[in-house]
Number of protein chains: 2
Amino acid sequence: MNLLEDRIRKDGILRSGDILIVDSFLNQQMDPDLFVLMAKEWKARFGDRHIDKILTVEASGIGLAIVAAQVFHLPCLFAKKSQSINLDGELYKATAASFTHKNVNTIIVPKKFLHEGDQILLIDDFLANGCALEALISIAEEAGAEICGIGVAVEKAFQPGGQKIRSRGYDLQSLAIVDSMTDNSITFQKNDWLTLEA
Amino acid sequence: MNLLEDRIRKDGILRSGDILIVDSFLNQQMDPDLFVLMAKEWKARFGDRHIDKILTVEASGIGLAIVAAQVFHLPCLFAKKSQSINLDGELYKATAASFTHKNVNTIIVPKKFLHEGDQILLIDDFLANGCALEALISIAEEAGAEICGIGVAVEKAFQPGGQKIRSRGYDLQSLAIVDSMTDNSITFQKNDWLTLEA
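Residues numbered from 1 in each chain as written. Chains lettered and ligands numbered in written order. Predicted model: local features only at pLDDT ≥ 70, side-chain atom pairs only at ≥ 80, totals over all residues. Heavy atoms only, no water.

A few points about the relation of the copies chain B and chain A
- Overlaying chain B with chain A gives an RMSD of 0.0 Å, the required rotation being 180° about an axis along which the chain moves by 0.0 Å. The two molecules are tied by a two-fold rotation axis, judged by turn and shift.
- By residue overlap, the copies meet face to face through one surface: 100% of the interface positions of chain B are interface positions in chain A. (Least-squares fit on C-alpha atoms with pLDDT ≥ 70 in both. Contact = heavy atoms within 4.5 Å.)

With respect to the sheet that holds strand 8 (residues 119–127) of chain A
- A sheet is described by the order of its strands in space; here seven strands give the open sequence 11(A)-10(A)-9(A)-8(A)-4(A)-5(A)-3(B), paired in mixed fashion. Either end of the sheet is taken by a strand with one partner, and the two such strands are strand 11 (186–188) of chain A together with strand 3 (29–30) of chain B.
- Of the pairings in the sheet, the one linking strand 5 (residues 76–79) of chain A to strand 3 of chain B comprises two bridges and is antiparallel in character. Pairing of Cys 76 of chain A across the sheet is with Met 30 of chain B, part of strand 3 of chain B.
- On top of the sheet, helix 1 (residues 3–11) of chain A reaches strand 9 (146–156), strand 10 (172–181) and strand 11 of chain A; it is set at about 175° to strand 11 of chain A, its chief contact.
- Packed onto the sheet, helix 4 (residues 131–143) of chain A meets strand 4 (53–57), strand 5, strand 8 and strand 9 of chain A and runs at close to 165° relative to strand 8 of chain A. (Pairing = 2+ DSSP bridges. Helix = DSSP H or I, 4+ residues; strand = E, 2+ residues; numbered from the N terminus. Axes fitted to C-alpha atoms, helices over the stretch in contact; angles between N-to-C directions.)

A few points about the pairing of strand 9 (residues 146–156) of chain B
Residue and element names in this part refer to chain B.
- The element strand 9 is largely enclosed, with a buried count of ten among its eleven residues.
- Relative to strand 9, strand 8 (residues 119–127) is paired through eight bridges, and the arrangement is parallel. Bridging from a neighbouring strand, Ile 120 pairs with Ile 147 of strand 9.
- Between the parallel pair strand 8 and strand 9, the chain is carried across by helix 4 (residues 131–143), and the sense of this crossover is right-handed.
- Direction of pairing for strand 9 relative to strand 10 (residues 172–181): parallel, over a ladder of six bridges. Residue pairing for strand 10: Gly 151 is matched across the bridge by Gln 173. (Buried < 20%, exposed > 50% of the residue type's maximum accessible area, 1.4 Å probe, protein only. Right-handed = clockwise from strand over helix to strand, strands pointing away.)

What about the environment of Pro 75 of chain A?
All names here are of chain A.
- Inspection of the secondary structure assignment puts Pro 75 in the loop between helix 3 (62–72) and strand 5.
- The class of Pro 75 is partly exposed, set by a relative accessible area of 29%.
- The spatial distance from the C-alpha of Pro 75 to the C-alpha of Gly 130 is 24 Å, given a sequence separation of 55 residues.

Description of the interface of chain B and chain A
- Listed as interface residues are 47 residues of chain B and, on the opposing side, 47 residues of chain A.
- Between chain B and chain A, roughly 3900 Å² of surface is buried when both sides are summed, and carbon and sulfur atoms account for 58% of that area.
- Note that Lys 112 of chain B and Asp 23 of chain A form a salt bridge whose closest N and O atoms lie 3.1 Å from each other.
- The element contributing the most residues to the side of chain B that touches chain A is helix 3 (residues 60–72) of chain B, with six residues. (Buried area = accessible area lost by both parts, 1.4 Å probe. Salt bridge = Lys/Arg side-chain N within 4 Å of Asp/Glu carboxyl O.)

With respect to the environment of Leu 14 of chain B
Residue and element names in this part refer to chain B.
- Checked against the element boundaries, Leu 14 lands in strand 1 (residues 13–15).
- Residue classification places Leu 14 among the buried positions, given a relative accessible area of 18%.
- Between the alpha carbons of Leu 14 and Asn 184 there is a distance of 6.4 Å; along the sequence they are 170 residues apart.
- Leaving out residues up to four positions away in the same chain, Leu 14 has contacts with Ile 19, Leu 20, Met 181, Thr 182, Asp 183, Asn 184, Ser 185 and Ile 186.

Some details on the pairing of strand 8 of chain B
Residues and elements named next belong to chain B.
- Of all nine residues making up strand 8, seven are buried, and the element is well covered by its neighbours.
- Here three bridges tie strand 4 (residues 53–57) to strand 8, and the two strands are oriented parallel to one another. Considered in strand 8, the bridge of Lys 53 is made with Ile 120.

A short note on the packing of helix 2 (residues 32–46) of chain A against helix 3 of chain B
- Packing of helix 2 of chain A against helix 3 of chain B leaves a shortest axis separation of 8 Å and a crossing angle of 100°. Classified by the angle between their axes, helix 2 of chain A and helix 3 of chain B sit roughly perpendicular to one another. Mapping the contact onto sequence places Pro 32, Phe 35 and Val 36 of chain A in helix 2 of chain A and Ile 66, Ala 69 and Gln 70 of chain B in helix 3 of chain B.
- Partitioning the contact of helix 2 of chain A with helix 3 of chain B into residue classes produces five nonpolar, one polar and no charged. (Parallel < 35°, antiparallel > 145°, perpendicular 65-115°, else oblique. Nonpolar A, V, L, I, M, F, W, Y, C, P; charged D, E, K, R; others polar.)

Some points on the sheet that holds strand 5 (residues 76–79) of chain B
- Taken together, seven strands build an open sheet; the order of strands is 3(A)-5(B)-4(B)-8(B)-9(B)-10(B)-11(B) and the sheet is mixed. The open sheet has two free edges, formed respectively by strand 3 (29–30) of chain A together with strand 11 (186–188) of chain B, since each of these has just one partner strand.
- Its contacts with the sheet put helix 2 (residues 32–46) of chain B on strand 8, strand 9 and strand 10 of chain B, and the angle it makes with strand 10 of chain B is roughly 115°.

Some thoughts on unusual backbone geometry
All names here are of chain A.
- Following Glu 58, the chain continues to Ala 59 via a peptide bond in cis, the omega torsion being -5°.
- Residue position: Ala 59 is located in the loop between strand 4 and helix 3.
- Positive phi, close to 60°, is recorded for Asp 18, a residue that is not glycine.
- Looking at the element boundaries, Asp 18 is found in the loop between strand 1 (13–15) and strand 2 (19–21).
- With phi around 55°, His 73 is a residue other than glycine that occupies positive phi space.
- Along the polypeptide, His 73 turns up in the loop between helix 3 and strand 5.
- Among the residues examined, His 73 registers a relative accessible area of 55% and is labelled exposed.

As structure tokens, then:
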């Protein structure tokens, strides 16, 4: 059983070009009750290890990450995509190509928030080509932080991001993994939630 | 008693030019336990009315709004600042000048998420000149939605946004109201939290 797959089947919209629209409950509009259940599933999958902080990237990762941070009782940090006058001091920077915006972003984390030896959990909403996560990983590595795990909401297994990240040894836990999709059907890889096991 | 004022006095950083930096617990890094207490205070102030949905604007409003949505058990919608290929269908748009980014953003909400008669609560992190909130109000008005209340984390009373919005009749509840600030001191308007009253 997998509540996120159920919700995608019910409310997700399929578009040609491998586009899955989940903006009524996961992205632009968010269902906080679903987010709490997703956070509890990440807690079941990552709860055995020490974690100091959750790290995500703006904007659509923030909602999932702060709810996860609440369930884990940890601070939640997000990488910004542009530099504002309120970004103080020294910065970690990495570049990430965006599939949905068709551009390249620089993502930024102030050095004061990420330190050598910090044990961090990365959270993001989508994993397709993996560019956003690879930028977060590169910032964590530059800081000398240890990545304890990576939690993703929806992974597209037919795009290379998931395999690239797992092949580097990271414990990547996606809560729904799309095996294939067409304009009118979607299939998922078997991925039962621990929190729903009998 | 006011937990947000206490936290600002403890961890806020004052800079010349009326800049208050709260990025270690409210913006780029977020304290979810504080956010839950803030959300409960908004619930105490707005809980007497029917609300259908919470609306905010990316990026720094999202964390507060999703935690509030969780406490209110409501969907949470955010206005985007740029158009991605996943923004479907007809859109409401409004422009907002940004104090921190020194630019003008177009903020966007798909029409499918906001309807005539929807009773909405607006949430945002900062209120200074009020441009972001006025853009959200303009989108809500164009949709024919009713604004039941506006919840802000930190209001700067010496800038015109709060007065402009209250003079239009909106019930604006800020959880900390900065009366004045210098490079090394900050004073707040009296604003005891209902949830902390004896």
